[in-house]
Amino acid sequence: MFAQQLSSTRRGARLARLLAVNELHSWGTPSELTERAELVVAELAANAVLHGHTPGRDFRIALAYDPPTGRLRIEVTDSRGDRLPKIPPAASAASAPATPATTGRGLLLVTALTDRWNTVPHPPSGKTVTAELSSPREA
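A short tour of the structure in this document, coming up. Every value quoted in this text rests on a predicted model; they were computed, and no experiment measured them.

### A look at the overall build of the chain
Along its length, the chain carries three helices and five strands. For the chain, the sequential pattern of α-helices and β-strands runs β-α-α-β-β-α-β-β. Across the 139 residues of the chain, 37% fall into the buried class. Across the chain, the fraction of contacts at a sequence separation of at least 24, relative to all contacts at a separation of at least 6, is 67%. Surface summary for the chain: the accessible area is close to 8,300 Å², and the carbon and sulfur share equals 56%.

Here is the structure:
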């Protein structure tokens with residue numbers, strides 16, 4: 001298990017990604033799992049900083065890896081329980097804007113890279129986004 005509290009800044013989000021990758025390497029996680037986890041941590045940490053920030057409050061990242069099952073759990077906790085993450089609705093080609101959006105795809109990426117993710121309340125006023133990833137078993 002690894003846990004770290006970080007400042008709710010862009011630098012804190014970047015540090016979360018770097019610390020997570022370093023920890024996963026030290027645990028000897030498979031590279032495919034580490035690469036997917038790096039992207040998930042980067043997105044969830046960025047969301048915590050951009051959408052879950054309350055002045056003067058930090059965010060927290062936690063990792064738990066179970067080598068026998070190849071399962072990794074990522075948790076990112078922020079102080080804004082009133083702002084829950086939502087996957088943007090899929091736009092049809094007919095209703096797609098002429099200029100593609102440059103934001104709003106992060107949770108689609110998290111959905112694609114994880115086995116499952118969800119949000120749970122973190123009292124007194126925050127939330128924790130949890131994501132679970134598994135490593136493919138070797139034949």
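Resuming the write-up.
### A word on the pattern of salt bridges
On inspection of all chains with the given rule, the structure shows nine salt bridges. Residue Glu32 is joined to Arg36 by a salt bridge in which the shortest nitrogen-to-oxygen separation is 2.6 Å. Here Glu32 and its partner Arg36 are both found in helix α2 (residues 31–51), four residues apart, which amounts to about one turn of the helix. Given a relative accessible area of 14%, Arg36 falls into the buried group. A salt bridge links Arg71 to Glu132; the shortest N-O distance between them is 3.0 Å. Here Arg71, found in strand β3 (residues 71–78), pairs with Glu132, found in strand β5 (residues 126–134); they are 61 residues apart in sequence, far enough to count as distant.

About the thresholds
Residues numbered from 1 in each chain as written. Predicted model: local features only at pLDDT ≥ 70, side-chain atom pairs only at ≥ 80, totals over all residues. Heavy atoms only, no water. Helix = DSSP H or I, 4+ residues; strand = E, 2+ residues; numbered from the N terminus. Buried < 20%, exposed > 50% of the residue type's maximum accessible area, 1.4 Å probe, protein only. Contact = heavy atoms within 4.5 Å. Areas by Shrake-Rupley, 256 points an atom, 1.4 Å probe, with all protein chains shown as cover. Salt bridge = Lys/Arg side-chain N within 4 Å of Asp/Glu carboxyl O.

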